[in-house]
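Summary of structural features
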Amino acid sequence: MRKIFLFMGIQGSGKGTQANRLADRYSLAHVSTGDLFRAVMKEQSPLGNELREIVNAGQLVPDDLTSRMVRDRIDDPDTQQGVIFDGYPRTVPQAEALDAMLGERGEAISRVVFFDLPREKAVERLEPRRVCSVNNAHIYHLVNNPPKQEGFCDIDGAALIQRADDTPEAITKRVDAYLQETLPLVDAYESRGLVAKLDATGDISTVTRQLEDMVEGNV
Ligand code: AMP
């Protein structure tokens, strides 16, 4: 049975960076709803325009649309070994939709990894964040994880940019939405015995090692 991991945690807690590393290492699919939306936002289409308005303002995309994007993604060939969900689910209806999707397939969540980071630290990490303009899953931090050549992605050489929703205003909205809507989901998963809590204040390699132990079933 394929492994289903949920990476949950406040913005800037390292979910995307770590999901990328783990997905490569264990041939898991990295399913980030934020990345799925950003891909559509590059299109000049009605949906692209609508998403751009919602996402750049730091608001949540409607649940139905979000879960439909996930439903369209989770049977892709690269998901055969397993999936790391990054940034999904974020609300109660999304969590219910995910349980239903997995139930239909005779599957269940293997583990919910909770990246624990205080709000102040999270906000500090977001402003200096830069992403690759071609592939937003390539994530850097000007101080903690700088690119080898300033301003350019190590992986494909493309220019680095700041995400449009990493502005102080949008950051506040996103963090508030996380605390109100998403954090309570962690408690619900906890009561199902699914949560592994991770100290997300550690440096990137330390956190990766902890995650590797977890995926390999050592903890
Ligand atoms: P992220 O890359 O996970 O920080 O997501 C960036 C933005 O995409 C969020 O601030 C939301 O506007 C939108 N988004 C991503 N995932 C979800 C989700 N599961 N539900 C609603 N909106 C989402």
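Bear in mind the structure is a predicted one, so any value in this text is a computation, not a measurement.

Definitions and limits used
Residues numbered from 1 in each chain as written. Predicted model: local features only at pLDDT ≥ 70, side-chain atom pairs only at ≥ 80, totals over all residues. Heavy atoms only, no water. Pairing = 2+ DSSP bridges. Helix = DSSP H or I, 4+ residues; strand = E, 2+ residues; numbered from the N terminus. Axes fitted to C-alpha atoms, helices over the stretch in contact; angles between N-to-C directions. Contact = heavy atoms within 4.5 Å. Near = heavy atom within 4 Å. Polar contact = N/O pair within 3.5 Å; in protein donor to acceptor, adjacent residues only side chain to side chain. Areas by Shrake-Rupley, 256 points an atom, 1.4 Å probe, with all protein chains shown as cover. Core = buried A, V, L, I, M, F, W, Y, C linked by side-chain atoms within 4.5 Å. Buried < 20%, exposed > 50% of the residue type's maximum accessible area, 1.4 Å probe, protein only. Phe/Tyr/Trp six-rings, centres within 6.5 Å; stacked < 30°, edge-to-face > 60°.

**Some details on the sheet that holds strand 2 (residues 29–32)**
As summarised here, the arrangement of the five strands in space is 2-3-1-4-8, forming an open sheet in which the pairing is parallel. Each having just a single partner strand, strand 2 and strand 8 (195–199) make up the two edges of the open sheet. Looking at each pair of strands side by side, their axes are set apart by 20 degrees on average, direction ignored. In the sheet, strand 2 pairs with strand 3 (residues 82–86) via four bridges, with the strands oriented parallel. Residue pairing in the sheet places alanine 29 in a bridge with valine 83 of strand 3. Packed on one face of the sheet, helix 7 (residues 168–191) meets strand 1 (3–9), strand 4 (111–116) and strand 8 and runs near 135 degrees to strand 1. Sitting on the sheet, helix 8 (residues 204–215) is in contact with strand 1, strand 4 and strand 8, with an inclination near 160 degrees to strand 8.

**Quick word on the site of the ligand**
The environment of the ligand is made up of 16 residues, and the closest members are Thr33, Arg38, Gln59, Gly87 and Gln94. In the model, an oxygen atom of the ligand is placed 2.9 Å from a nitrogen or oxygen of the arginine 38 side chain. Valine 61 is positioned such that a nitrogen or oxygen atom in its backbone is 3.0 Å from a nitrogen atom of the ligand. Here the ligand loses 96% of its free accessible area of 480 Å² to cover by the protein chains. Here the element with the most residues in the shell around the ligand is helix 2 (residues 33–41); it accounts for four residues.

**Quick look at the nonpolar core**
Ranked by internal contacts, the top residues of the largest apolar core, which has 47 residues, are Leu6, Phe85, Tyr189 and Leu211. The greatest single-element share of this core, amounting to six residues, is contributed by helix 7. Apart from the residues lying within four places of it in its own chain, the contact partners of leucine 6 are Phe85, Tyr88, Pro89, Leu98, Ile109, Arg111, Val112, Val113 and Tyr189. If you look at the next biggest cluster of nonpolar residues, it comprises nine residues, including Met41, Val55, Val61 and Met69.

**Topic: the packing of aromatic side chains**
Evaluation of the coordinates by the stated rule reveals two aromatic pairs. Each ring, one from phenylalanine 7 and one from phenylalanine 115, has its centre 5.2 Å from the other, and the planes form 55 degrees; the classification is tilted. With phenylalanine 7 in strand 1 and phenylalanine 115 in strand 4, this residue pair connects regions lying 108 residues apart in the sequence. For the pair phenylalanine 7 and phenylalanine 115, one class covers both residues: buried.

**Description of the pairing of strand 3**
Judged by how many residues are buried, strand 3 sits mostly within the fold: five of five residues are covered. By the alternation rule, side chains of strand 3 split into Gly82, Ile84 and Asp86 and Val83 and Phe85, which are all buried. Summarising the sheet, strand 1 and strand 3 pair through five bridges and their orientation is parallel. Directly across from leucine 6, in strand 3, lies its bridge partner phenylalanine 85.

**Focus: the environment of isoleucine 10**
Note on placement: isoleucine 10 falls in the loop between strand 1 and helix 1 (15–26). A sequence separation of 33 residues divides isoleucine 10 from glutamate 43, and the C-alpha atoms of the two residues are 28 Å apart. The contacts of isoleucine 10, once residues within four sequence positions are left out, are Lys15, Phe115, Leu117, Arg119, Ala122, Val175 and Tyr178.

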